[in-house]
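# Tertiary structure, described
This is what each chain is made of:
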Amino acid sequence: MEGKTERPKLLVSIVERRRGKDMIRLYNREGVNFHYQTVGRGTATSEIMDILGLESRDKDIIISLAAASLIDQLTYRMSNELRGSVDTKGIFFDLPLTGMSNMIAASFSIPLNSGRKEPAPRITDALLEKAFAPRQEDTGKEKTPMSSENRHTLILISVNQGYTENVLDTARSLGARGGTILRARWSGAKALETYHGISLQTEKEIVIIIVPNDLRNRIMDAVNEKHGLKTEAQAIVCSMKVDHFAPI
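As the structure is a computational prediction, the values presented were derived from the model and not from experiment.

## Notes on the overall build of the protein
Scanning the protein from terminus to terminus reveals 7 helices and 11 strands. The proportion of buried residues among the 248 residues of the protein is 40%. In the protein, once contacts between residues fewer than 6 apart in sequence are set aside, the share between residues at least 24 apart is 80%.

See below:
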């Protein structure tokens, strides 16, 4: 489709500390070449860590960006022949995107390491969904089954530091198996103070939880009710669809 490029996806990998670079090298070999890396903290109990043979709760988090077809192929291969290629334990999941800058989107249509010079893509300032071609859902070909396709939801919970375990206890009581925690800072308190009379604590923690779809509403409702903005925890809860989810 002239003037269009393929819709991108994010692949999020959460692995043991100091294994992130190994995952990135593997993904680069598979043609996924755009990555961000950060550090988080797992929430597994000491008993579970002993059972799984884990030495630390610290985690490397890799956020990879590529065309949807590349991410779909990689998630399938990571669930099959590539599983165990990196000596680590963890999870990965992919998320659809609905828009991004044309300059980055256009770069996904340029073959990497092809040895051919492609004409420079026409770049505009638009940040619009029309930068992407629609996904071809019905091609007449049989789809290759992938691990846990469309069966899971990503729940993100922003909570005041010191209340993370309370929130996780609520989520676990309804079936969540744990999560990953990132440190963060709130930078939008003035609007809430003005319109809602709520003064938010600046230092935050972001809890990342992956749950089966049928648990999503119960967990989100319970966290919001017990730990919401009008409580000391001041939790803000949101969710998004996960296309595929699997252990590493």
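## Things to note about helix α7 (residues 213-227)
Taking 1.5 Å per residue as the helical rise, α7 with its 15 residues ought to reach 21 Å, and the 21 Å between its terminal C-alpha atoms agrees with that figure. The set of residues buried in α7 consists of Leu215, Ile219, Met220, Ala222, Val223 and His227.

## Examining helix α1 (residues 20-29)
Regarding α1, the residues found buried are Gly20, Met23, Ile24, Leu26 and Tyr27. Buried residues of α1, viewed axially, fall in a sector of 160°; they line one side. In α1, the exposed positions angled more than 90 degrees off the buried face are occupied by Lys21 and Arg29. Tucked into the core, α1 has its buried residues touching β2 (8-16), β3 (34-42), β4 (58-67) and α3 (68-78). At the C-terminal side of α1, Gly31 shows a positive phi close to 95°.

## Concerning the sheet that holds strand β11 (residues 244-247)
Spatially, the 9 strands line up as an open sheet ordered β10-β7-β9-β8-β3-β4-β2-β5-β11, and their pairing is antiparallel. Looking along the sheet, the strands with just one partner apiece sit at the ends: β10 (236-242) and β11. Adjacent strand axes in the sheet meet at a mean angle of 25°, parallel and antiparallel pairs treated alike. With 4 bridges joining them, strand β5 (residues 90-96) and β11 adopt antiparallel strand pairing. Each bridged residue has a counterpart across the sheet, and for Asp94 the counterpart in β11 is His244. The strands touched by α1 are β2, β3 and β4; relative to β3, the strand with the most contacts, the crossing angle is about 150°. Across the sheet, helix α5 (residues 164-173) is in contact with β7 (152-160), β8 (180-185) and β9 (203-212); its angle to β9 comes to roughly 15°.

About the cut-offs
- Residues numbered from 1 in each chain as written.
- Predicted model: local features only at pLDDT ≥ 70, side-chain atom pairs only at ≥ 80, totals over all residues.
- Heavy atoms only, no water.
- Helix = DSSP H or I, 4+ residues; strand = E, 2+ residues; numbered from the N terminus.
- Buried < 20%, exposed > 50% of the residue type's maximum accessible area, 1.4 Å probe, protein only.
- Contact = heavy atoms within 4.5 Å.
- Expected span 1.5 Å × (residues − 1).
- Arc of directions from axis to C-beta.
- Pairing = 2+ DSSP bridges.
- Axes fitted to C-alpha atoms, helices over the stretch in contact; angles between N-to-C directions.

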